[in-house]
Amino acid sequence: MRSEIAGASSETFAANRAQGAVWFDVHRRDGATRRGDLHESGSLRVRFPSPEDDGLSAMFVNTAGGIAGGDRFDIAIAAGEGARLTLTTAAAEKVYRAPGAPARLGIALKAEAGAHLAWLPQETILFDRARIHRSFDIDLAENASLLLCEIVVFGRAAMGETMRHGEFVDRWRMRRGGRLVFAETIRLDGEIGDKLAKPAIAGGGAAIGTALFVPGDEALVERLREASESFGGEVGISAWNGFAMARFCAQDAARLRADMMTVLGRASAVPLPRLWLN
């Protein structure tokens, strides 16, 4: 009897998992970026807040109200030749406790010749015992450009919350001109709180971030390092394979967000989404 009840509960749990997908492309026509084909399904939606001079902005909305164990979300975006697109989220994404299977988030970004993509979501907040597997697959033409940032927060320090246990797997792959130029997988699992306390990992920090700039070179690195005295957390900046990367670690989300905004403001002429400034 107990096994039957457990089996029924598992089936009910699986049937109530959120799923969502957004796929769309944009193209440059008559001197401006215009939306092409669009597909939405499940609890994931995208909105285009306002027209711009020559670019386009898009905002993702998760109507499920967060991400829980077993949820699955997929995003695929393509920017055609010469198009300019900025992507963000309506709010910080919250990832809740997962007693079973992890949540999965797959993001595919493609930019053709001369296109520019800016991926600027608000932070992802992991609650205690959250489990999530996330992957980025980025395909850039040789002369396309990319600005990408991600912030991950392990518990809301301002609310007295910490993330002690869970799983966070983050897989990034980037190709430029068909050639793999960056590959990285971060895995934090088990007693995450204890691991973050170690000096070689986060030194007790509760927020980490990454900003990726394509193209990027040593001149950009030096320009970003000029702001080092204003950083509230730790920031490491380097360039290789024709792109630059900044890595962030801070005691809380507010300090890391401020450091990220400083770096993005110096690195790119692309304005931050209005939602970042609230």
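Predicted, not measured: the structure shown is a model, and the values here were computed from it.

**Q** Please clarify how the overall build of the protein chain should be interpreted in this entry.
**A** When its secondary structure is counted, the protein chain shows four helices and 17 strands. For the protein chain, with 278 residues in total, the buried portion stands at 46%. When the accessible surface of the protein chain is totalled, it reaches about 13,300 Å², and 50% of it is carbon and sulfur. Across the protein chain, the centroid of the 34 positively charged side chains sits 3 Å from that of the 35 negatively charged ones.

**Q** Would you mind going over the nonpolar core with me for this structure?
**A** Within soluble globular proteins, side chains that are nonpolar tend to cluster in buried spots. In terms of nonpolar packing, the biggest core is built from 52 residues, with Phe-24, Leu-87, Met-174 and Leu-212 touching the most fellow members. Those residues within four positions of Met-174 in sequence are excluded, and the remaining contacts are Ile-138, Leu-140, Leu-146, Arg-179, Leu-180, Val-181, Phe-182, Leu-212, Val-214 and Phe-243. Among the nonpolar cores identified, the runner-up in size contains 30 residues, and Ile-151, Phe-213, Leu-256 and Met-260 belong to it.

**Q** I keep staring at the environment of Phe-213 and nothing clicks. Help me out?
**A** Positionally, Phe-213 belongs in strand β15 (residues 207–214). Judged by relative accessible area, Phe-213 falls into the buried class, the value being 4%. Sequence spacing of Phe-213 and Cys-149 is 64 residues, and the spatial spacing of their C-alpha atoms is 8.9 Å. Not counting residues within four places of it along the chain, the set of residues in contact with Phe-213 comprises Leu-146, Leu-147, Leu-220, Leu-224, Phe-243, Ala-244, Ala-246, Val-263, Leu-264 and Ala-267.

**Q** Explain the pattern of salt bridges to me, please; I cannot follow it from the model alone.
**A** Between side chains of opposite charge, pairing is possible as soon as their charged atoms come close. Counted according to the given criterion, the structure contains 13 salt bridges. One salt bridge in this structure joins Glu-123 and Arg-257, with 2.6 Å as the shortest N-O distance. With Glu-123 in the loop between β9 (116–119) and β10 (124–126) and Arg-257 in helix α4 (residues 253–267), the pair connects residues that are 134 residues apart, well separated along the chain. One exposure class covers both Glu-123 and Arg-257, and it is buried. Where Arg-225 meets Glu-222, a salt bridge forms, and the shortest distance between an N and an O atom there is 3.4 Å. Of this pair, Arg-225 and Glu-222 both sit in helix α3 (residues 218–225), three residues apart, which is roughly one turn of the helix. Overall, the relative accessible area of 42% leaves Glu-222 in the partly exposed class.

What counts, and where the lines are drawn
- Residues numbered from 1 in each chain as written.
- Predicted model: local features only at pLDDT ≥ 70, side-chain atom pairs only at ≥ 80, totals over all residues.
- Heavy atoms only, no water.
- Helix = DSSP H or I, 4+ residues; strand = E, 2+ residues; numbered from the N terminus.
- Buried < 20%, exposed > 50% of the residue type's maximum accessible area, 1.4 Å probe, protein only.
- Areas by Shrake-Rupley, 256 points an atom, 1.4 Å probe, with all protein chains shown as cover.
- Lys, Arg positive; Asp, Glu negative; His and termini not counted.
- Charge placed at Lys NZ, Arg CZ, Asp CG, Glu CD.
- Core = buried A, V, L, I, M, F, W, Y, C linked by side-chain atoms within 4.5 Å.
- Contact = heavy atoms within 4.5 Å.
- Salt bridge = Lys/Arg side-chain N within 4 Å of Asp/Glu carboxyl O.

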